[in-house]
Amino acid sequence: MTRRTLVTGLGVLAPTGLGVEEYWAATLAGRGAIGPVTRFDASGYPARLAGEISGFDAAEHLPGRLLPQTDRMTRLSLVGADWAFADAGVIPAELPDYDVGVITASHSGGFEFGQNELRALWSQGGQYVSAYQSFAWFYAVNSGQISIRGGLRGPSSVVVSDQAGGLDAVAQARRQIRKGTRMVISGAVDASICPWGWVAQLTSGRLNTGDDPERAYLPFDDRAAGHVPGEGGALLVLENADDARERGAAHIYGEIAGYASTMDPRPGSDRDPALQSAIELALADADLTPDDIDVVFADAAAVPDLDRTEAEAITKVFGVRGVPVTAPKTTTGRLYSGAAPLDLAAALLSLRDGVIPPTTGTVLSAAYDIDLVTGAPRPAAPRTALVLARGHGGFNSAMVVRAAEPSTPVRKA
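Residue positions are given per chain, counting from 1 as you read along its sequence in written order. Side-chain atom pairs in this predicted model are given and counted only at pLDDT of 80 or more, local residue features only at pLDDT of at least 70, and totals for whole chains, interfaces and linings cover all residues. Note: side-chain values were computed over all heavy atoms of the structure, leaving out hydrogens and water.

J.: Tell me what's going on with the overall build of the chain, and back it up with residues and numbers.
T.: The secondary structure listing takes helices from DSSP runs of H or I that are at least 4 residues long and strands from runs of E that are at least 2 residues long, numbered from the N terminus. What the chain contains, in helices and strands, is 11 helices and 16 strands. Relative to the globule expectation of 22 Å for 413 residues, the C-alpha radius of gyration of the chain, 20 Å, shows essentially globular dimensions. Within the span of the chain, comprising 413 residues, buried residues form 59% of the whole. A contact between two residues is defined here by any heavy atoms of the two lying within 4.5 Å. Nonlocal contacts in the chain, meaning residues at least 24 apart in sequence, comprise 79% of its contacts between residues at least 6 apart. Working note: accessible area of the chain is about 16,000 Å², and carbon and sulfur atoms make up 51% of it. Charge assignment in this entry is limited to Lys and Arg as positive and Asp and Glu as negative, and neither His nor the chain termini are counted. One atom stands in for each charge, and that atom is NZ of Lys, CZ of Arg, CG of Asp or CD of Glu. For the chain, the separation between the mean place of its 35 positive charges and that of its 47 negative charges on side chains is 3 Å. Throughout, radius of gyration means the C-alpha value; the globule benchmark is 2.2 Å times the number of residues raised to the power 0.38. When a residue's accessible area, from a 1.4 Å probe over protein chains only, is under 20% of the maximum for its type it is buried; when over 50% it is exposed; and in between it is partly exposed. For accessible areas, the Shrake-Rupley method is used with a probe of radius 1.4 Å. Any residue's cover is judged against the shown protein chains and nothing else.

As structure tokens, this is what we get:
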């Protein structure tokens, strides 16, 4: 019998809010957090807007010994993991050894830490470079630091597939739970708003270069001209259903019901993009039909060609305006590997509260035959949601989440 994977805890850090409820309230209200970059002087760069997290002081949440050895993204990740475990009502150190793993995704690693140490090397010499540079920049550092802090000895790894990585990491966590692991914390938090990280992102050619935050990130809109980078993401506590019930989990947000990933053909090929295939395979994995999906959380590239590909894939699977589509990331910017886990959190909260959050700012182009939710939240009674994510280079991932069964016994918090 297949072991079902439930989400029992959420840790959210987003430009629009720290914590699940603060983020969710801002999302439903359509409050955006995109504005001029403040973490460095971006005035001389082609792109100058970002979704930054404000009000976060790592010293308020983490022991002082961790601060000199961690990048901003790792500090955010450690706090997100703490919040996710607390939300799940779990103290990892009290669980048996090897019962809990950690699988995260990363887009760029600790770029800000690495840049600061390279500056010290160039300006002062090698003796001024921190020994922590040996790992603080590394893609796997979030998994490692969360594992060390929580004493998590179960299966651990990191996935690097750009924007699609967050879904791929959760899928790997689900796979480990199916193989017998009791619990895995998974997802991603990214933060590379620094000159080194900024230049790396500019190479994609997909960043918006305007200065008006209200018009900067408009997927599926005739004015679409690229996306805005952001920082943050979400970490999710994933748990075997039987174990969650046995311990009386305080929250069961829903089930990871289906997943698939595909790769687009090489540029210039006459083969079709593979996003549609990812959607169909994820539905098959969940043993669902298109009619069973109540809402799609779109990747929302805000690049006309990519928007067209996504809209066509959705239409081919679900029919013309056959399913509500939303992209709440327009309020935060694209958080790279952290974006899809944040969309997973939003999808699960949508199922919990019976509402579909809006795509803020966008005016749907007549070129797209999708039912895009804009303006205000749409009351609904969704039971299943599909989350899409695409990474630079042709990565496509699709994940289906399903509401917890009404019969699932849940201990009141």
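J.: Account for the layout of surface pockets, with residues named and values stated.
T.: Buriedness for pockets is judged along seven lines, at least five of which must meet protein on both sides within 12 Å for an open set on the 1 Å grid over protein atoms alone, while cavities are sets there where a 1.4 Å probe fits but cannot get out, and lining residues have an atom within 4 Å of a point. Grid points are joined across faces, edges and corners, and a volume is the space filled by probe spheres set on the points. One number sums up the size of the largest pocket: a volume of about 760 Å³. In terms of lining, the largest pocket is formed by 38 residues, of which the most central are R206, G391, H392, G393 and G394. Looking at the lining of the largest pocket, the element that brings in the most residues is helix α10 (residues 304-318), giving three residues. Any residue outside Ala, Val, Leu, Ile, Met, Phe, Trp, Tyr, Cys, Pro, Asp, Glu, Lys and Arg is labelled polar, Gly included; the first ten of those are nonpolar and the last four are charged. Here the lining of the largest pocket is composed, by residue class, of 13 nonpolar, 15 polar and 10 charged.

J.: Tell me about unusual backbone geometry, and please be specific about residues and values.
T.: The backbone of D162 shows a phi angle near 55 degrees, a positive value even though the residue is not glycine. Along the chain, the position of D162 falls in the loop between β6 (156-159) and α6 (165-178). The phi dihedral of A300 is positive, around 60 degrees, even though this residue is not glycine. The class of A300 is buried, set by a relative accessible area of 0%.

J.: Just give me the short version of the side chain of R72, but keep the residues and values in it.
T.: Within the secondary structure, R72 is located in helix α2 (residues 72-88). Note on R72: relative accessible area 12%, which makes it buried. Of the polar contacts made by the side chain of R72, one reaches the backbone oxygen of I53; its length is 3.1 Å. In this structure, R72 is in contact with R39, I53, F56, E112, A191 and E231, ignoring residues within four places of it in sequence. The definition of a polar contact used here is a pair of N or O atoms within 3.5 Å, where within protein one atom must be able to donate a hydrogen and the other to accept one, and adjacent residues in sequence count solely through side-chain atom pairs.

J.: Before we move on, can you summarise the pairing of strand β1 (residues 5-14) with the specific residues and values?
T.: Across the 10 residues that make up β1, a large majority, 10, are buried. DSSP calls a pair of strands paired once it identifies at least 2 bridges connecting them. Bridge analysis of β1 against strand β8 (residues 232-240) gives eight bridges, and the strand direction is antiparallel. The partner of T5 across the bridge, within β8, is N240. As judged from the two bridges shared by β1 and strand β9 (residues 254-263), these two strands associate in the antiparallel manner. For V7, the partnering residue across the bridge sits in β9 and is G254.

J.: Outline the pattern of salt bridges, listing residues and values.
T.: Within this document, salt bridges are pairs made up of a side-chain nitrogen of Lys or Arg and a carboxyl oxygen of Asp or Glu, the two lying within 4 Å of each other. For the structure shown, the criterion picks out 21 salt bridges. The salt bridge involving E239 is made with R247; its shortest N-O contact spans 2.6 Å. Note on R247: relative accessible area 22%, which makes it partly exposed. The residue D343 makes a salt bridge to K329 at a minimum N-O spacing of 2.6 Å. On the criterion of sequence distance, the pair formed by D343 in helix α11 (residues 339-353) and K329 in the loop between β11 (324-326) and α11 is long-range, its members being 14 residues apart.

J.: With reference to specific residues and values, describe α11.
T.: Taking 1.5 Å of rise per residue, 15 residues should cover 21 Å, and α11 covers 21 Å from first to last C-alpha, within 8% of that figure. For α11, the buried fraction is high: 13 of the 15 residues fall into the buried class. G354 sits one or two residues past α11 and shows a positive phi near 65 degrees. Helix span is expected to be 1.5 Å times the residue number reduced by one.

J.: I'd like to hear about the packing of aromatic side chains, residue by residue, with values.
T.: Side-chain rings of Phe, Tyr and Trp, where Trp is taken by its six-membered ring, are said to pair if the distance between their centres is within 6.5 Å; with planes under 30 degrees apart they count as stacked, over 60 as edge-to-face, and otherwise as tilted. Throughout the structure, instances matching the rule amount to seven aromatic pairs. Look at F40 and W198: their rings are 5.8 Å apart centre to centre, the planes differ by 70 degrees, and that puts the pair in the edge-to-face class. With F40 in the loop between β3 (34-36) and β4 (49-51) and W198 in helix α7 (residues 195-202), this residue pair connects regions lying 158 residues apart in the sequence. Under the relative-accessibility criterion, W198 is labelled buried at 0%. Plain terms: the ring middles of F138 and Y139 are 6.5 Å apart, the flat faces sit at 65 degrees to each other, and that makes the pair edge-to-face. The partly exposed category is assigned to F138, whose relative accessible area is 39%. Here the aromatic cluster, defined as three or more aromatic residues joined through ring pairs, consists of F40, Y45 and W198.

J.: Summarise helix α5 (residues 141-150); cite the residues concerned and give the values.
T.: Burial analysis of α5 places seven of its 10 residues in the buried class, which makes it a mostly covered element. Inspection of α5 places V141, N142, S143, Q145, I146, S147 and G150 among the buried residues, and these make up the whole buried set. Buried residues in α5 make contact with α2, β5 (100-105), α4 (133-136), β6, β7 (183-190) and β8. Positive phi shows up at G151, right after α5, with a value of about 65 degrees.

J.: Describe the environment of P341, naming the residues involved and giving the relevant values.
T.: Mapped onto the fold, P341 is located in helix α11. Taking relative accessible area as the criterion, P341 reaches 0% and is therefore assigned buried. When the C-alpha atoms of P341 and E231 are compared, they prove to be 13 Å apart, with 110 residues separating the residues in sequence.

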